[in-house]
Every structure is written in C-alpha cells, then in structure tokens.
Amino acid sequence: MTKWLSISDVKEKIVATSAEEVTASYLETIEKSSINGYTCISDGALDAAKMVDKGEVAGPLAGVPIAIKDNISTKGLATTCSSKILEGYVPPYDAHVIERLKAAGAVIIGKTNMDEFAMGTSTESSCYGVTLNPWDHERVPGGSSGGSAAVVAAGEAPISLGSDTGGSVRCPAAFCGVVGLKPTYGAVSRYGLISYANSLEQIGPMATCVEDIAAVMDVIGGYDARDSTSIDKKIDHQAALVDDVKGLKIGVPDEYFGEGVDTGTEKAVWDAINKFEEMGASWEKVSMPNTKYALAAYYTIAMSEASSNLARFDGTRYGPRSDGENWHVMASRTRAENFGKEVQRRILLGTYALSAGYQDKYYLKALQVRTLVKQDFERAFANFDVLMAPTMPLPAFKIGEKVEDPLSQYLTDVNTVPMNLAGVPCISVPCGSSDGLPVGLQIIGNHFDEATLIRTAYSFEKNTDHNKARPGEVA
Amino acid sequence: MITKDEVEHVGWLCRIEIDDAEAEDYAVKLSSVLDYFGQLDEVDTEGVEPTYHMADIMNVFREDVVTPSLDQKDVLTNTAEEKDGYIKAPRII
C-alpha cells in the first residue's frame, strides 16, 4: 500500500525520529520505484536534513522533503527541462521559489520528469521516457508536470512543485488523484523558471491535501523584484483554511461540459457540485461564449512566445554543441539534433505565426481573442464567487494513444487553458473516479482571490472522502 | 496550408536544420494545426484591444545601482568552449 504523508504527518515523524530518517525513508522508496518520476536525485538531501536536526535551519517546512519540476533552476543540481538540449546543464543559481523553500527548511529531494520544455499533456515527450501513472502503469500521468504529480501520488514525496502554462499542474493532479494549484498570474515569482510561454505560466504546488497547498503557497508566494511581472500583494493562504461555504455562489459554465466530456467524469463533477449545495452553497449555470476559441488562441500565443523564449538554446552558452562551419549551421544542427519533435513543431509554428505577413492573422488575432476570454471571466465573477468544471474532459489516457496526432492531445487542454489566458487562479481537487481512474474537480477564482479558492477546496475535502483514495485502493 | 518550401524557410528563420523528408512531414502536421488556428477568423474582433499580458502593470523601473551578480567563473561552467574568460563560438559571418 502506498503511504501518503501530509506535511503535519512528516513533522510528527521528524519529532519521533529525525529529519534525516524521514528523508532517508523517502530516498529508499524512490530507490524501489518503477514509475520513472524523477530525473535526478539530490546528493545534498541528507545533508540538508541533518542541518535541520542540528537546529541550523528552522522554518515552517523544516525537514519536509519536496520534489521540484525539472524546469525550475536549482543551484548545483541538474536542470534540463527533460530535454537533450540542456543535457549536463547545472544552474549556477537558485530560482526564487527554491531560495524561499530552502530558507523555510524544506529539503529539495530531487527533480521530476516532465514533457520536454513543459510542452505536452502526458509527459511522453520527455527525453527520459514517460512517467507511469501510479493508478495504472499503462496510462500517462498527465502533463506537463507529470513527474511532480506521480511522485506525490506514489508516496515518493509529500509535496512537489510544478509549473502551469495551460494546465500543466492541474492536468497531472487530476490524472494522478492529487491536489494542484495554479496561482494568479504574478502571485509567484518566475525568476529561475525556464520560460516556455512567459505571459501564461506560473509555478504551483502539488500535494495530497489542500492544507499542504496553502502551507507551500505561504512560503513561495509574494513579491520578487527579479520578476518584472511579480505583483506586490499579500495573500494569507493558511488563514483561508476554513470549513465554511454557506452562501457561496458557484457558477457552472455550460461550455466546460461540452461534447466529448467522459460520462463518468461529468457525473463525478456534478456529484461534487450537488455536495456543495448540501453544504450550504448555491449554484447556477453561466455562459462563457468565447471558451470555444480559447484553445486556438492559447496555442497561437504559447507557440509564438516559445519560439522567442527557446531561441537561447543554440549551443553557445550551455548544453551540447554540434559541429558546423559557422555559428548559424552549428546552431541549426544543435537545435535539430537536440530538441524533440514536439518542441521543434511548436517553435516552427510560433515562428510562422510571428513571421512577416502572418503576424496580424494569427498572433494579433489570438491576443484579441484573449481579451474576449478575459471578459467572459470578468462577467462571470461579477455574479459568482467561484466557477466549477471538470479539470480534464477525460481520465488518464493510455501511453502512446495520442502521440502520433499532436492536435488530438492539444484538444484535451480545452478546460484548462482559458484560465492561463485570463490569469485567474484555479485548483484541481480529487472528486471521485471514472472507470477506476481519478477525476479532478476544477475550482476557479477571481484574480488574487486565492483565499476563496482555498476555503472552497478545503471545505470540500473536509466533507468528503475523495482525497483519501490511494492508487491500488480505488474509492 | 503551409508548403514544404515555407517549412524550410521558417526552419532557417528559427535556426532548425530540416531535411527534405522532414519538411514534407512537417508540412502535413503543421498544416492541420494551422487549419485549427484558422477558426479564430470566425471571431469578430473589430475594435477589440489585444491583451499581451495579464498583469496590470506597465513599466517596471528600478534604481540604477550595482548589486551582486553571478561570478564569471560560475557563468562559464556550462559552456561548450571557453577562452580567456569568454564564451567561444564559431564565427558568425
């Protein structure tokens, strides 16, 4: 049976034994793992834990192991975005979130597998091979933060960090039956996060319960001058851990229950919404008419930004370098030989969308549609406190099922990309199962209203048993 | 539709070497995605401002003061070729 420990369980264990023993027991579990969730393990994890035991480091996460997505820079610990083009790259500095975690006493245990450069919904595009879904090893863990979700679900770390550009925290959280939060754009510094689509992405935590999500957010959230899009706004996530949704107004967007939503998923989500009604909340349907264009706008913007952000990987400053008679040939070969096919496709499409003659047709048009999607949310939040929908339209799919047809995989992001376009916060919490696989309920809040989001998710968890389901013992 | 020639041109713009067979494959796969993007044409965006960014901020300034930065030695550890404290790359022109 998989053992899940919350942060408070870990702290109790540290008191009973030691931080070193707790970290050692996680390292032992990882050693025996068959899911391929980690890309590398930190040599310094045991030493960091020993420092906690000696009282040299204290803080709200003292001695708590945490797994970090492989696109977040960790000083002295390989950071590759699961791409051959960053093979051997060891960052000379820590990301803002890593500095904060270390200062809070957390033990960085290792880096987790992901779709190459966070481009995907399945973790299949990783140069290290796919991570297996702990619930069913023939299925994907979701993506792009598949490793971060799977190691938490498999009991190989109590908490982890992912990044969410178009659903990359929420999708794997839903597929692996854990909790995952995408904060408001600007709430967590992106300093040290290797950019894919910088106007869309945020770093977010994953855990087995909402309480732990709040605890990690109180450590990593807040202003940082090194990210020029960081917003100076204080949010107290743990103060929002209140079991009370009386009078809460829930909007249920019709468009998120469209064609192609799996029946079991739809039922689990509606059961959850009805449960909220029982708990004293009210719900009403709401229309968000521009939702159907969100996916095309999202991919146009994400690929355009990617084509620019990934220009820096050219064999000059880091990573492998191919031969070539001049710089242009060297760079073209380095990129052709070391970027995977999906990354190449997105860079090509992004470059095309930004090239002379097409910029207005694709890029500018997508940015205008983004405004319309944002206005849908503004209208909805004028009447509702939160919105609810399935996180993913279907449970985890089989490995290999969507590899050959990129568009079919893009389409699974239909319920997660609008929030990145609008910058609003959202959380995925387990709400039951479909065919024995976990289903995620997505709760969406207004800008910087993480407090309502946390309170809503926490209340649901306190009044249901869904988050107690573990791989191997399906609820 | 994107043609094979266009794929090769775009490949050059973004410095990704593409051989003939790959260009054919890309032309097919990229066209199906571009077709999908084409549905944006249906949306009436007359007079709608583009949203480049969600953060409600314009210019972010800081004082022009020197602050500690990475050591030159640390910055150079990841490069394929280093010479006299510089990153060495093949000639550009």
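Residues numbered from 1 in each chain as written. Chains lettered and ligands numbered in written order. Predicted model: local features only at pLDDT ≥ 70, side-chain atom pairs only at ≥ 80, totals over all residues.

Student: A description of the overall build of chain B should follow, citing residues and the corresponding values.
Tutor: When you go through chain B residue by residue, the secondary structure sums to three helices and two strands. Counted from the first residue to the last, chain B has its helices and strands arranged as α-α-α-β-β. Relative to a compact globule of 93 residues, whose C-alpha radius of gyration would be 12 Å, chain B shows 22 Å and is clearly more extended. Evaluated residue by residue, chain B yields a buried proportion of 16% over its 93 residues. (Helix = DSSP H or I, 4+ residues; strand = E, 2+ residues; numbered from the N terminus. Rg over C-alpha atoms; globule rule 2.2 N^0.38 Å. Buried ≥ 20, exposed ≤ 12 C-beta atoms within 10 Å, placed from the backbone.)

Student: Account for the overall build of chain A, naming residues and giving values.
Tutor: A tally of regular secondary structure across chain A gives 15 helices and eleven strands. Its C-alpha radius of gyration of 21 Å places chain A within 12% of the 23 Å reference for a compact globule of 475 residues. Counting only C-alpha atoms and orienting by the principal axes, one finds that chain A spans roughly 70 × 55 × 45 Å. Burial statistics for chain A: of 475 residues in total, 63% are counted as buried. Excluding contacts between residues fewer than 6 apart, the proportion of contacts in chain A whose partners are at least 24 apart in sequence is 76%. (Contact = placed C-beta atoms within 7 Å.)

Student: Got a sec to walk through the pairing of strand β8 (residues 282–286) of chain A? Specific residues and values, please.
Tutor: Residue and element names in this part refer to chain A. Both strand β7 (residues 249–253) and β8 contribute to a ladder of five bridges, which runs parallel. When the sheet's bridge partners are listed, G251 is paired in β8 with E284. Note that the unit made of β7, helix α8 (residues 263–278) and β8 has a crossover that is right-handed. (Pairing = 2+ DSSP bridges. Right-handed = clockwise from strand over helix to strand, strands pointing away.)

Student: Which residues make up helix α1 (residues 7–16) of chain A, and what are the values?
Tutor: Residue and element names in this part refer to chain A. Those residues of α1 not exposed but buried are I7, V10 and I14. Down the axis of α1, the buried set is contained in an arc of 60°. They therefore lie on one face. Every exposed residue of α1 that faces more than 90 degrees away from the buried side is listed here: V15 and A16. (Arc of directions from axis to C-beta.)

Student: Explain the nonpolar core residue by residue, including any values.
Tutor: All names here are of chain A. In terms of nonpolar packing, the biggest core is built from 168 residues, with I66, L101, I108, V179, A297, L348 and I443 touching the most fellow members. With eleven residues, the top contributor of residues to this core is helix α9 (residues 291–309). Built from parts of two domains, this core gets at least three residues from each of domain 1 (7–246 + 449–468) and domain 2 (291–367). (Core = buried A, V, L, I, M, F, W, Y, C linked by C-beta atoms within 7 Å. Domains from an automatic or database assignment.)

Student: Can you break down the interface of chain A and chain B residue by residue, with the values?
Tutor: A common way to report how large an interface is uses the accessible area buried once the components associate. Counting residues at the interface gives 56 residues for chain A, matched by 43 residues for chain B. Here the side of chain A that touches chain B is composed, by residue class, of 29 nonpolar, 18 polar and nine charged. (Nonpolar A, V, L, I, M, F, W, Y, C, P; charged D, E, K, R; others polar.)

Student: Quick one: what's the story with unusual backbone geometry, residue by residue and with numbers?
Tutor: For the peptide bond that leads from A:G143 to A:S144, omega is 5°, which places it in the cis range. Its location among the elements puts A:S144 in the loop between β3 (107–112) and α5 (146–153). If you check the backbone angles, A:N36 has positive phi at about 60° while not being a glycine. Take A:N36: there are 19 C-beta atoms within 10 Å of it, and that puts it in the partly exposed class. Of note, the phi angle at B:D84 is positive, near 50°, even though the residue is not glycine. Among the structural elements, B:D84 can be located in the loop between β1 (82–83) and β2 (86–87). For B:D84, a count of 5 C-beta atoms within 10 Å corresponds to the exposed category.

Student: Which residues make up the confidence of the model for chain B, and what values go with them?
Tutor: Residues and elements named next belong to chain B. Here chain B averages 92 in pLDDT, and 100% of its residues register 70 or above. Confidence, expressed as mean pLDDT per element, reaches its minimum in chain B at helix α2 (residues 20–37) with 92 and its maximum at helix α1 (residues 4–13) with 95. Model confidence for the complex is summarised by a pTM of 0.97, with the ipTM given as 0.96. (pLDDT = per-residue confidence, 0-100.)

Student: How would you summarise the domain arrangement of chain A if you had to cite specific residues and measurements?
Tutor: Residue and element names in this part refer to chain A. According to the domain assignment, chain A consists of domain 1 (7–246 + 449–468) and domain 2 (291–367). One C-alpha centre belongs to domain 1, the other to domain 2; they are set 27 Å apart. Contacts between the two partners involve 20 residues from domain 1, matched on the other side by 17 residues from domain 2. Partitioning the side of domain 1 that touches domain 2 into residue classes produces nine nonpolar, eight polar and three charged.

Student: I'd like a rundown of the environment of A:T456, residues and numbers included.
Tutor: Residues and elements named next belong to chain A. Note on placement: T456 falls in helix α15 (residues 450–463). Given 29 C-beta atoms within 10 Å, T456 falls into the buried group. For the pair formed by T456 and S8, sequence separation is 448 residues and the distance between their alpha carbons is 21 Å.

Student: Break down the sheet that holds strand β5 (residues 179–182) of chain A for me, citing the residues and quoting the values.
Tutor: Residues and elements named next belong to chain A. A sheet is described by the order of its strands in space; here eleven strands give the open sequence β1-β3-β2-β4-β6-β5-β10-β11-β9-β7-β8, paired in mixed fashion. Whereas interior strands pair on both sides, the edge strands pair on one side only; in this sheet they are β1 (38–41) and β8. Geometrically, the sheet is characterised by an average inter-axis angle of 30° between neighbouring strands, direction not taken into account. When β5 meets strand β6 (residues 202–207), the two strands line up antiparallel, connected through two bridges. Bridged to G180 within β6 is M206. Helix-sheet contacts for helix α7 (residues 210–220) involve β4 (159–164), β5, β6 and β10 (426–434), and the interaxial angle to β6 is about 145°. (Axes fitted to C-alpha atoms, helices over the stretch in contact; angles between N-to-C directions.)

Student: Please provide a residue-by-residue account of the packing of α9(A) against helix α12 (residues 360–383) of chain A, values included.
Tutor: Residues and elements named next belong to chain A. The N-to-C vectors of α9 and α12 enclose an angle of 135°; their axes lie 8 Å apart at closest approach. Relative to α12, the element α9 is oriented oblique. Read as a crossing pair, α9 and α12 show a hand that is left-handed. Taking contact as the criterion, the partners of T291, Y293, A294, A297, T300, I301 and S304 in α9 are, on α12, Y362, Y363, A366, L367, V369, R370, V373 and D376. Split by residue class, the contact of α9 with α12 holds ten nonpolar, three polar and two charged. (Parallel < 35°, antiparallel > 145°, perpendicular 65-115°, else oblique. Left-handed = near helix turned anticlockwise from the far one by under 90°.)

Student: Any chance you could break down the environment of A:G264 for me, citing the residues and the numbers?
Tutor: Residue and element names in this part refer to chain A. On the secondary structure map, G264 appears in helix α8. By C-beta crowding, G264 is classed as partly exposed, having 17 other C-beta atoms within 10 Å. Separated by 72 residues in the primary sequence, G264 and G192 place their C-alpha atoms 39 Å from one another. Ignoring anything within four residues of it in the chain, the contact list for G264 reads S434, D435 and V439.

Student: Could you give me a rundown of α5(A), with the residues and numbers involved?
Tutor: Most of α5(A) sits inside the fold, with eight of its eight residues counted as buried. The positive-phi residue at the C-terminal boundary of α5(A) is A:G155, with phi of around 70°.

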